[in-house]
Amino acid sequence: MDESPKESPRDFIRSIVAADLASGRHRAIVTRFPPEPNGYLHVGHAKSICLNFGIALETGGQCNLRFDDTNPEKESDEYVRSIQEDMRWLGFDWRDGLHFASDYFEALWQAARELVEKGLAYVDEQTAEEIRATRGTLTEPGCPSPWRDRPAAESLVRLDEMRAGALPDGACVLRARIDMASPNLNLRDPALLRIRRATHHRTGDRWCVYPMYDFAHPISDALENITHSTCTLEVEDHRPLYDWVVANVTLPSRPRQIEFARLELTHTVLSKRKLLALVQEGIVGGWDDPRMPTLAGLRRRGVPPDALRDFCERVGVAKANSVVDVALLEHCVRERLNPEVPRYMGVLRPLELVIENYPEDGEEWLDARNNPEDPAAGTRQVPFSRRLWIERDDFRQEATRKFWRLAPGREVRLRWAYFVTCTGVELDPTTGEPVRVLCTYDPATRGGDAPGGRTVKATLHWVSARHAAAVDVRLYDRLFLDERPGEDWRDRLNPHSLEVLAARPAEPALAMVAPGARVQLERLGYFCADARDSRPGALVLNQIVGLKGAAAKG
RNA sequence: UGGGGUGUGGCCAAAUUGGUAAGGCACCUGACUCUGGAUCAGGGGAUUGUAGGUUCGAGCCCUACCACCCCAGCCA
């Protein structure tokens, strides 16, 4: 027995799990992630996935993937496909634990019969409207249905007719017989089974009776021997019903439901309804639009899956509703990318720079380190010549103390190349904007270092105009202006969430990167070669995240 | 006005059986630096929702109050 001090559990759920293991209540832990296949997974789901699979991994247990497909009208195979793809991308393996609630329809049916036989459920022939009208309100108790006390045998007959398709949709419903006066509305004889003639994505037209979540979920959990069934806060007052089902149906195990707060992120929306609207209204390009908080979107954006997992761990698990700053996600992404992503130079807003004392047709290839963070990444060569592109932002006609880049009279370093001193600028006669910056270079600084140890305040990235490749760049910003877009979210969309920059100059080596590759454009940020839109010779770069403070210059 | 939850620095979030407020992100400063990045060092900032009470001592216990979230689908 190893009694060495262990790390205390990271959150209250893991504490419960640890206690259940320590007390011998469970010998092995089984969790599950139970998505309904009616939408794409998003970062909020990632939190739940990391929690459930994390617990399984840490305890040597198992985490199942169970599709909660009990409402055929909203579910489809496209979603079960995408959900599995996204989960695998995130890095999790459910092994042989792939299940569908629809696999349990027969068992659910038997459970329904058992409850009726025990007098714990009955077939109610009231209309949906009547049931709603007699449920009572938050402060007043409900009225019992006239069918509540009918003989079990009679309910059983009707139940069989429901399944047999003898009754039209909505003709009746199976209700649990609990307490119409309960202050918890979920206990006022909740519906368990309803008739719905709809083709199910897996069972086709075999069934016309479908179980409700409150009935299917606890039974599915028990059938899979789930030990800890986590869910979000809004299902907290369903727990007594969950426990009621588990206690009253003959089941192989007794799972326990534990609730935690769902994840919310600033500057985005995470509700399925709003996400669907963004896609259907064409506000974004699809579920995998890089601005979307969906896993498909984050993947296309270039976010590494382990950065996302790290994020989920850092966010924690608790019961307080909270909104996490998207800056934390961005931090996790940078932290993951910085040490291992190769650097390149490219210019987003080009301004011509001419080196007057450099030979007209001169050319030389200079060594550049691929990643200053990682000597093993080696070097590459970048072409240098008399005409270069630099970033417009890196030049100002009037320099201030806070601005230490290029300005008339100023000397700066061109990364991996030479020190240059600005000798003049040509302006557009009508706009007054600079169109060409004139410089002289110091041949003694070749490679970027001055012999006498002379230093310079700024280093600029640049691209040789004659050698430049052209790449398309897509810059992304938060989808919403507000940290927490409310119901008027459509009015709070950030008009600049996407900026497309066509044919920007880039060093030749950048044009050679493979689709899907992640790179850093020096001084600009991290980018991912879009795997779908990039063509040979026509690279498309998606911005993953900018460099920290990249926007706050001068 | 019923029930269920939650309230700890700008944002998350810890705090063994009550012992005198971790950590991360964000922000600021300094060092270093061929990315105003990274790294390193340091810093500001919390009367732990409020008011009482118990106690030598309370974020943790008691009482009252306040705020916010969820619930009246034959959705999940």
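Residues numbered from 1 in each chain as written. Chains lettered and ligands numbered in written order. Predicted model: local features only at pLDDT ≥ 70, side-chain atom pairs only at ≥ 80, totals over all residues. Heavy atoms only, no water.

Caption draft 1: Expanded view of the pattern of salt bridges. One pass over the structure, following the stated rule, counts 55 salt bridges. With its nearest N and O atoms 2.8 Å apart, the salt bridge here joins Arg 202 to Asp 103. With a gap of 99 residues between them, Arg 202 in the loop between β6 (191–195) and β7 (209–211) and Asp 103 in the loop between β3 (98–100) and α4 (105–117) connect regions that are remote in the sequence. For Arg 150, the salt bridge goes to Glu 154, with nearest N and O atoms at 2.7 Å. Judged by its relative accessible area of 12%, Arg 150 is buried. Judged by relative accessible area, which is 34%, Glu 154 ranks as partly exposed. (Salt bridge = Lys/Arg side-chain N within 4 Å of Asp/Glu carboxyl O. Helix = DSSP H or I, 4+ residues; strand = E, 2+ residues; numbered from the N terminus. Buried < 20%, exposed > 50% of the residue type's maximum accessible area, 1.4 Å probe, protein only.)

Caption draft 2: Layout of the sheet that holds strand β5 (residues 173–176). Strand order across the open sheet formed by 4 strands is β4-β5-β6-β7, with antiparallel pairing between neighbours. Two strands bound the open sheet, and with one partner strand each, they are β4 (121–124) and β7. Ignoring which end each strand starts from, the neighbouring axes of this sheet average 20° apart. Where β6 lies against β7, 3 bridges are found, and the strand directions are antiparallel. In the sheet register, Leu 193 faces β7, and the bridge partner there is Pro 211. (Pairing = 2+ DSSP bridges. Axes fitted to C-alpha atoms, helices over the stretch in contact; angles between N-to-C directions.)

Caption draft 3: Examining the protein's contact with RNA strand B more closely. Lining the immediate environment of RNA strand B, one finds 63 residues, of which Arg 343, Glu 373, Trp 404, Arg 413 and Gly 447 sit closest. A share of 66% is what sugar and phosphate atoms reach among the atoms of RNA strand B within 4 Å of the protein. One of the backbone nitrogen or oxygen atoms of Gly 170 is found 3.3 Å away from a base nitrogen of RNA strand B. In this structure, a phosphate oxygen belonging to RNA strand B sits 2.8 Å away from a side-chain N or O atom of Arg 194. Contributions of two or more residues to the surface near RNA strand B are made by α5 (128–133), β6, α11 (305–315) and α12 (326–337). (Near = heavy atom within 4 Å. Polar contact = N/O pair within 3.5 Å; in protein donor to acceptor, adjacent residues only side chain to side chain.)

Caption draft 4: Representation of the domain arrangement of chain A. The domains assigned to chain A are domain 1 (12–260) and domain 2 (348–465). The centre of domain 1, based on its C-alpha atoms, is set 65 Å off from the matching centre of domain 2. (Domains from an automatic or database assignment.)

Caption draft 5: Quick look at the side chain of Glu 507. Relative to the helices and strands, Glu 507 resides in the loop between β21 (498–506) and β22 (518–521). Side-chain polar atoms of Glu 507 contact the backbone nitrogen of Met 345, separated by 2.6 Å. Residues contacting Glu 507, with those up to four places away along its chain left out, are Tyr 344, Met 345, Arg 380, Val 382, Val 463 and Ala 469. (Contact = heavy atoms within 4.5 Å.)

Caption draft 6: Looking closely at the sheet that holds strand β19 (residues 462–464). If you walk across this open sheet you meet the 7 strands as β18-β15-β16-β17-β11-β14-β19, and the pairing is mixed. Of all strands in the sheet, those bounded by a partner on one side alone are β18 (459–460) and β19. Where strand β11 (residues 350–355) lies against strand β17 (residues 434–442), 4 bridges are found, and the strand directions are parallel. From the neighbouring strand, Ile 355 faces β17, where its bridge partner is Cys 439.

Caption draft 7: A look at the pairing of strand β23 (residues 525–529). Of all the 5 residues making up β23, 5 are buried; the element is thus mostly covered by neighbouring parts of the structure. The antiparallel pairing of β22 with β23 creates a hairpin that spans 3 residues between the two strands, and Arg 523 there sits at a positive phi of about 70°.

Caption draft 8: Summary view of the packing of aromatic side chains. What the rule picks out here adds up to 13 aromatic pairs. Ring plane angle 80° and centroid distance 5.2 Å describe the contact between Tyr 358 and Phe 384, whose orientation is recorded as edge-to-face. With Tyr 358 in the loop between β11 and β12 (363–369) and Phe 384 in strand β13 (residues 379–385), this residue pair connects regions lying 26 residues apart in the sequence. Like Tyr 358, the residue Phe 384 is buried in the burial classification. Geometry around Phe 100 places Arg 202 over its ring, the cationic atom sitting 3.6 Å from the centre. If you follow Lys 457 out to its NZ or CZ, it ends over the ring of Trp 404, 4.5 Å from the centre. (Phe/Tyr/Trp six-rings, centres within 6.5 Å; stacked < 30°, edge-to-face > 60°. Lys NZ or Arg CZ within 6 Å of the ring centre and 35° of its normal.)

Caption draft 9: Molecular detail of the environment of Asn 64. By the secondary structure assignment, Asn 64 is in strand β2 (residues 62–67). What makes Asn 64 buried here is its relative accessible area of 5%. Residues Asn 64 and Arg 504, spaced 440 residues apart in sequence, show a C-alpha to C-alpha distance of 47 Å. Side chain to side chain, Asn 64 and Glu 224 meet in a polar contact 2.9 Å long.

Caption draft 10: Highlighting the nonpolar core. Among the nonpolar cores identified, the biggest contains 40 residues, and Met 87, Leu 308 and Phe 311 are the most heavily contacted of them. Within the residue set of this core, elements represented by two or more residues are α2 (43–59), β2, α3 (77–90), α10 (295–301), α11, α12, β23 and β24 (540–546). Counting residues per element, this core draws most heavily on α2, which supplies 6 residues. The contact partners of Met 87, leaving out residues within four places of it in the chain, are Phe 33, Leu 41, Ile 49, Phe 53, Leu 65, Phe 92 and Trp 94. Core analysis: the next-biggest nonpolar cluster, separate from the first, contains 33 residues, Ala 111, Leu 115, Val 123 and Leu 192 among them. (Core = buried A, V, L, I, M, F, W, Y, C linked by side-chain atoms within 4.5 Å.)

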